[in-house]
Amino acid sequence: MIIIDAPYASAPLLDYIEESQHPVLANDFSRSLADARSLNLVDDAEAVRRLEAGERVYTNSENALAWIMDHVDNPGLTEAIALFKDKALMREKLAALNPGLFYATATRDELDAVNVDDLPLPVVLKPSVGFCSMGVYVIEEPDDWACAVADIARREDGWHERYPESVVGGDVYIIEGFIGGVEYALDCYFDEEGAPHLLNVLRHDFAGPEDTSDRMYLTDETIVNEMGPRFLAWLRAVNAIVGARNIPVHVEVRVDGDVIAPIEFNPLRFAGLGGTDVAYFGVGLRTYEAFLENEKVDLAALYGAHSGRVFSMSLLNPAPEADLAAPFDHDALLARCSHVLSYHRFDPETVGFYGFLFLDTGADEAGAAERDWLLRSDLMEFVG
């Protein structure tokens, strides 16, 4: 069973849905594609019947979570969704895996009254329910707190206009100790036995400690071989506590030495806005197909066949001062890149981003320099 919803469904996903003819929930978004795509649309009653019978379900958009929670009586599914989506509750569940990691919660109204002197800086402030780094701030100095709260006040109406409350909640915020090391994003699923299966292992690079954007994720043979086994072992430990079954999850973690600490778990989807397709563009793996068809995937072999290549995805966030209504020169941006695998254009006023860029670069200095430029550019040269 598949649920597609706004704001965006990628062409590879839609191609797979057409080819497989998996049932797709008939909603406003899927119906809007009826003229261009041959989809096997089913009504609410049929979708509910399938999900309550335990059929696997995948969605491209967290907008679909609210529909499932409102319509489906399947505690194994709905309770897993509620748990994974609640960062604060997941911290409590997994506390034994990271003893000593500071975290606290505060309501939106309490943020102004928080005494920063009582916090073990640096910390990270973020909504308990969130998406695509919206509302995420690294607090290194006491003055950073006031700046973060002011920025939340300035931006939160826009977040809620674009996404429902089930995707971007604004009532509760988490304050957690800043974890050094390297950030990674994982696309995985837990099968009917609860065993984890890895489909993407992506390193999340940042321009600096203040950067919380989704500008640069990359993967290659080395990352898969070095980190894949560690993450599988960690996911087994996680699910020994959580007990999820037959569910896909996009997981973000930080790795510092021997410590793997969770950032968030996003249920029923993989990397958002089509980001999971980095595996398809790079090595021909359709992650959602592997989950829905219960395929066994040998990531090491797939990436070993593309040795020396680095596959990256970049969510092109605007600069804070950018006018989202101003024209963006997509062609000029693409001309700066050596090997574009795919480019998805977005309406920045609707989605909040210019697009999603997928690149194939070498593991040499030239490839590193290209990725570094993209990571650090404010993209203002392409605006206006």
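Analysis parameters
Residues numbered from 1 in each chain as written. Predicted model: local features only at pLDDT ≥ 70, side-chain atom pairs only at ≥ 80, totals over all residues. Heavy atoms only, no water. Buried < 20%, exposed > 50% of the residue type's maximum accessible area, 1.4 Å probe, protein only. Helix = DSSP H or I, 4+ residues; strand = E, 2+ residues; numbered from the N terminus. Contact = heavy atoms within 4.5 Å. Pairing = 2+ DSSP bridges. Axes fitted to C-alpha atoms, helices over the stretch in contact; angles between N-to-C directions. Arc of directions from axis to C-beta. Core = buried A, V, L, I, M, F, W, Y, C linked by side-chain atoms within 4.5 Å. Patch = residues over 30% accessible without salt bridge, like charges linked within 9 Å, V, L, I, M, F, W, Y side chains within 5 Å. Areas by Shrake-Rupley, 256 points an atom, 1.4 Å probe, with all protein chains shown as cover. Salt bridge = Lys/Arg side-chain N within 4 Å of Asp/Glu carboxyl O. Lys, Arg positive; Asp, Glu negative; His and termini not counted. Charge placed at Lys NZ, Arg CZ, Asp CG, Glu CD. Phe/Tyr/Trp six-rings, centres within 6.5 Å; stacked < 30°, edge-to-face > 60°. Lys NZ or Arg CZ within 6 Å of the ring centre and 35° of its normal.

A.B. asks: What exactly am I supposed to notice about helix H5 (residues 75-85) here?
C.D. replies: An α-helical turn contains 3.6 residues, so a residue and the one three or four places further along point in the same direction. Of the positions making up H5, those classed as buried are Leu77, Thr78, Ala80, Ile81, Leu83, Phe84 and Lys85. Residues of H5 that are buried in the fold lie against helix H4 (64-71), helix H6 (87-93), strand S9 (182-190), helix H8 (221-242), strand S12 (247-256) and strand S13 (259-267).

A.B. asks: Would you explain the sheet that holds strand S14 (residues 309-315) in this entry?
C.D. replies: Sheet strands line up and pair through hydrogen bonds in the backbone, either parallel or antiparallel. The strand order across the open sheet built from eight strands is S13-S12-S9-S10-S11-S14-S16-S15, with neighbouring strands paired in antiparallel fashion. Whereas interior strands pair on both sides, the edge strands pair on one side only; in this sheet they are S13 and strand S15 (340-345). Recorded for the sheet is a direction-independent mean angle of 25 degrees between the axes of neighbouring strands. Across the sheet, H8 lies against S9, strand S10 (196-205), strand S11 (216-219), S12 and S13, angled at about 120 degrees from S10, the strand it touches most.

A.B. asks: Would you mind going over helix H3 (residues 44-52) with me for this structure?
C.D. replies: Turning to H3, its buried residues are Ala47, Val48 and Leu51. Take H3 and look down its axis: the buried residues cluster within an arc of 100 degrees, on one side only. On its buried face, H3 is in contact with strand S2 (23-25), strand S3 (40-42) and H4. At the C-terminal side of H3, Gly54 shows a positive phi close to 95 degrees.

A.B. asks: Could you clarify how one ought to interpret the pairing of S9 in this entry?
C.D. replies: When a strand is regular, its side chains alternate between the sheet's two faces. Of all nine residues in S9, eight are buried, a share of seventy percent or more. In the sheet, S9 pairs with S12 via nine bridges, with the strands oriented antiparallel. Within the sheet, the bridge partner assigned to Tyr184 lies in S12 and is Val253. Relative to S10, S9 runs antiparallel, the two sharing eight bridges. Counterpart to Leu186 in the pairing with S10 is Val201.

A.B. asks: In this structure, what is going on with the nonpolar core? I would like to understand it.
C.D. replies: Side chains that are nonpolar tend, in soluble globular proteins, to be buried together. Ranked by size, the top nonpolar core spans 103 residues in total, and within it Ile4, Phe84 and Phe231 carry the most contacts. Top element by residues in this core is H8. It accounts for eight residues. Other than its neighbours up to four places away in sequence, Phe84 contacts Met90, Phe190, Val242, Ala244, Ile247, Val249, Phe265 and Pro267.

A.B. asks: Explain a negative patch on the surface to me, please; I cannot follow it from the model alone.
C.D. replies: On the surface, Asp109, Glu110, Asp112 and Asp171 cluster together into a patch of negative charge. Here Asp109 shows up in the loop between strand S5 (103-107) and strand S6 (123-127).

A.B. asks: Any chance you could explain the packing of aromatic side chains here in plain terms?
C.D. replies: Geometry of an aromatic ring pair is reported as the spacing of the ring centres plus the angle between the planes. Going through the model one piece at a time under the given rule, you end up with 15 aromatic pairs. Centre to centre, the rings of Tyr58 and Tyr288 are 5.8 Å apart; their planes meet at 45 degrees, and the pair counts as tilted. With Tyr58 in strand S4 (residues 58-59) and Tyr288 in helix H10 (residues 287-292), the pair connects residues that are 230 residues apart, well separated along the chain. Residue class for Tyr58 comes out buried when judged on its relative accessible area of 3%. When the ring of Trp373 is compared with that of Phe382, the centres are 6.3 Å apart and the planes differ by 85 degrees; the resulting orientation is edge-to-face. The exposure class of Phe382 is buried, given its relative accessible area of 4%. By the ring-pair criterion, three or more aromatic residues cluster together here, those being Tyr16, Tyr58, Phe270 and Tyr288. When the ring centre of Trp373 is taken as origin, the NZ or CZ atom of Arg336, which lies over that ring, is 4.2 Å away.

A.B. asks: Help me understand the environment of Ala319, please; the structure alone is not making it clear to me.
C.D. replies: Following the sequence through the fold, Ala319 ends up in the loop between S14 and helix H12 (330-335). In this structure, the C-alpha to C-alpha distance between Ala319 and Pro127, residues 192 residues apart in sequence, is 21 Å. Setting aside anything within four residues of it in sequence, one finds Ala319 in contact with Asp378 and Met380.

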